[in-house]
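# Results of the structural survey
Each chain, written out:
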Amino acid sequence: MPAADLDWDALAAHLEREADLRAEAVTAAGQWLSGLAGEGGVRRVLDVGAGPGVIAGLLAEVFPAAEVVAVDQSAALLERARGRSGGRVGTQQADLPEEFDKLGEADLIWSGNAIHHLGDQQAALTALAGRLRPGGLLAVAESGLPPRFLPRDFGLGRPGFQARLDAAHEDGFAAMRAELPGTTEEIEDWPAMLRRAGLVPSGTRTFLVDHPAPLAPSVREYLHTQLVRRHDQLAEVLGPEDRATLEALIDRDGGTGILRRGDAFYLAAMTVHTGRRG
C-alpha cells in the first residue's frame, strides 16, 4: 500500500507502542549523538516524520537544553505528540518533501523510518542537510534488522515462517516504493547518500531492541496488531500453510495465538547513520 494511502491517524496507538518498544535503543542512540555533537552543543532538534512524538520526547530528555520540534504531515499525530510531552516538545505540521523549507535550521535532525516513504530519498537527504547549521548532524535511522518474535520452529506449520514472511514483506515494500510520487531507484548505501547530500559521514551504529519472554501485554498487543497488518497486506501472496500459520498467530482466543504464547519475544536492531555539515 502506498504511504499516501495509509491512515496514519488510525495507526497512532500502534505507532506509539512501536516507538515505546524502541525507547531504550533510541535513548542510547541519542546519547551517542550527544557525544558526536561536540563542544558547540545542540540548541535545536528536529524529529522529521515524528508521528505521535514518542521519539521526540526521548530526544528532549537527552537534550534538555534544546528546543525539540516534532515534524509530521498529520495534525492528529502532532496533537498526540503535544499531549504526550506536556508542552516540552514543539510541533510543526509540514507536507514532506514539498515543505522542507518550512522547518528552519537545526543542530540535530533525526529521521527514523521516514525517508523511505518519500519517492526520491537522495533529494530528501539533500534537503534535510540544507536545514543543518554549520557543524550540525543529520541522523537517519533506516535499515537495521527485521524483528524476530518466535523460535525458528514454534510448532506451527513449516519451520522458517518468519523468514518467508520477511521475504513477502520485502516484495510488498518494493511495490510500495515503486508507487510513490517521484520515486527514484537508489542503492541504499546510506553513508554514501549522506556524502552525496554534502555531508561528511560521521559514523554508523546499531542499537539492539531486546524484549525477552515472557512479554508484557503491551508488547503482545503490538505484535498482534503488526501480524494482523501483515495478514491484511500479504495473505494473498502467502502459501496456504503459511497463511494458516499467520491466522493461528492472530487468533485472539486460541492457545497458539501471539497473545498467549509463552515463547514469544521481541528482538530487533535499529541502525543509525549520521552525517555532519562542514
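Residues numbered from 1 in each chain as written. Predicted model: local features only at pLDDT ≥ 70, side-chain atom pairs only at ≥ 80, totals over all residues. Heavy atoms only, no water.

### Regarding the pairing of strand E4 (residues 106-112)
Burial within E4 is extensive, with 6 of its 7 residues counted as buried. The sheet contact formed by E4 and strand E5 (residues 132-141) spans 6 bridges and is parallel. Bridge pairing in E5 places Trp 110 opposite Ala 139. Taken together, E4, helix H5 (residues 121-129) and E5 form a β-α-β motif whose crossover is right-handed. (Buried < 20%, exposed > 50% of the residue type's maximum accessible area, 1.4 Å probe, protein only. Helix = DSSP H or I, 4+ residues; strand = E, 2+ residues; numbered from the N terminus. Pairing = 2+ DSSP bridges. Right-handed = clockwise from strand over helix to strand, strands pointing away.)

### Observations regarding helix H9 (residues 240-249)
Within H9, burial applies to Asp 242, Thr 245, Leu 246, Ala 248 and Leu 249. Projected down its long axis, H9 shows its buried positions confined to an angular sector of 160 degrees, all on one face. Those residues of H9 that are buried lie in contact with helix H6 (161-179) and helix H8 (217-234). (Arc of directions from axis to C-beta. Contact = heavy atoms within 4.5 Å.)

### Observations regarding the packing of helix H1 (residues 12-21) against helix H4 (residues 75-85)
For the pair H1 and H4, interaxial distance at closest approach is 11 Å and the crossing angle is 50 degrees. Classed by the angle they form, the pair H1 and H4 counts as oblique. H4 is crossed by H1, and the crossing has right-handed handedness. On H4, the residues touching Ala 12, Ala 13, Leu 15, Glu 16 and Asp 20 of H1 are Leu 77, Arg 80 and Arg 84. (Axes fitted to C-alpha atoms, helices over the stretch in contact; angles between N-to-C directions. Parallel < 35°, antiparallel > 145°, perpendicular 65-115°, else oblique. Left-handed = near helix turned anticlockwise from the far one by under 90°.)

### Overview of the packing of H1 against H8
Relative orientation and spacing of two packed helices are given, respectively, by the angle between their axes and the distance between those axes. In the contact formed by H1 and H8, the axes pass within 10 Å of each other and the chain directions differ by 125 degrees. As judged from the angle between their axes, H1 and H8 are oblique. Crossing of H1 over H8 shows left-handed handedness. Each of His 14, Arg 17, Glu 18 and Leu 21 in H1 lies in contact with H8, whose residues at this interface are Ser 218, Val 219, Glu 221, Tyr 222, Thr 225, Gln 226 and Arg 229.

### Let's talk about the pattern of salt bridges
Taken as a whole and assessed by the stated rule, the structure comprises 15 salt bridges. Put simply, Asp 107 and Arg 133 hold a salt bridge, and the shortest N to O gap is 2.8 Å. Of this pair, Asp 107 sits in strand E4 while Arg 133 sits in strand E5; the two residues are 26 residues apart in sequence, bridging distant segments of the chain. In this structure Arg 133 comes out as buried when scored by relative accessible area, which is 18%. (Salt bridge = Lys/Arg side-chain N within 4 Å of Asp/Glu carboxyl O.)

### Thoughts on the pairing of strand E2 (residues 67-72)
Among the 6 residues of E2, 5 are classified as buried, and the element is accordingly described as predominantly covered. Summarising the sheet, strand E1 (residues 44-48) and E2 pair through 5 bridges and their orientation is parallel. What sits directly across from Leu 46, in E2, is Val 69. Remark: the E1/helix H3 (residues 54-62)/E2 crossover connection has right-handed handedness. Judged from the 5 bridges that link them, E2 and strand E3 (residues 89-93) form a sheet pairing that is parallel. Each residue of the ladder has a partner; that of Asp 72, found in E3, is Gln 93. Regarding topology, H4 serves as the crossover connection from E2 to the parallel E3, and that connection is right-handed.

### Describing the side chain of Asp 107
With a relative accessible area of 9%, Asp 107 lands in the buried category. Once residues within four sequence positions are removed from consideration, Asp 107 is found in contact with Gly 41, Val 42, Arg 43, Arg 44, Leu 132, Arg 133, Gly 136 and Leu 137.

### As for the nonpolar core
Generally speaking, a soluble globular protein has its nonpolar side chains buried in company with each other. Residues Phe 63, Trp 110, Tyr 266, Met 270 and Val 272 are the most contacted members of the largest nonpolar core, which totals 56 residues. Among the elements that take part in this core, H3 stands out by supplying 7 residues, more than any other. With near-sequence residues (within four places) excluded, Met 270 lies in contact with Arg 22, Ala 25, Val 26, Ala 29, Trp 110, Ala 141, Arg 205, Thr 206 and Phe 207. Listed in part, the 24 residues of the second largest apolar core include Phe 100, Leu 103, Leu 138 and Leu 199. (Core = buried A, V, L, I, M, F, W, Y, C linked by side-chain atoms within 4.5 Å.)

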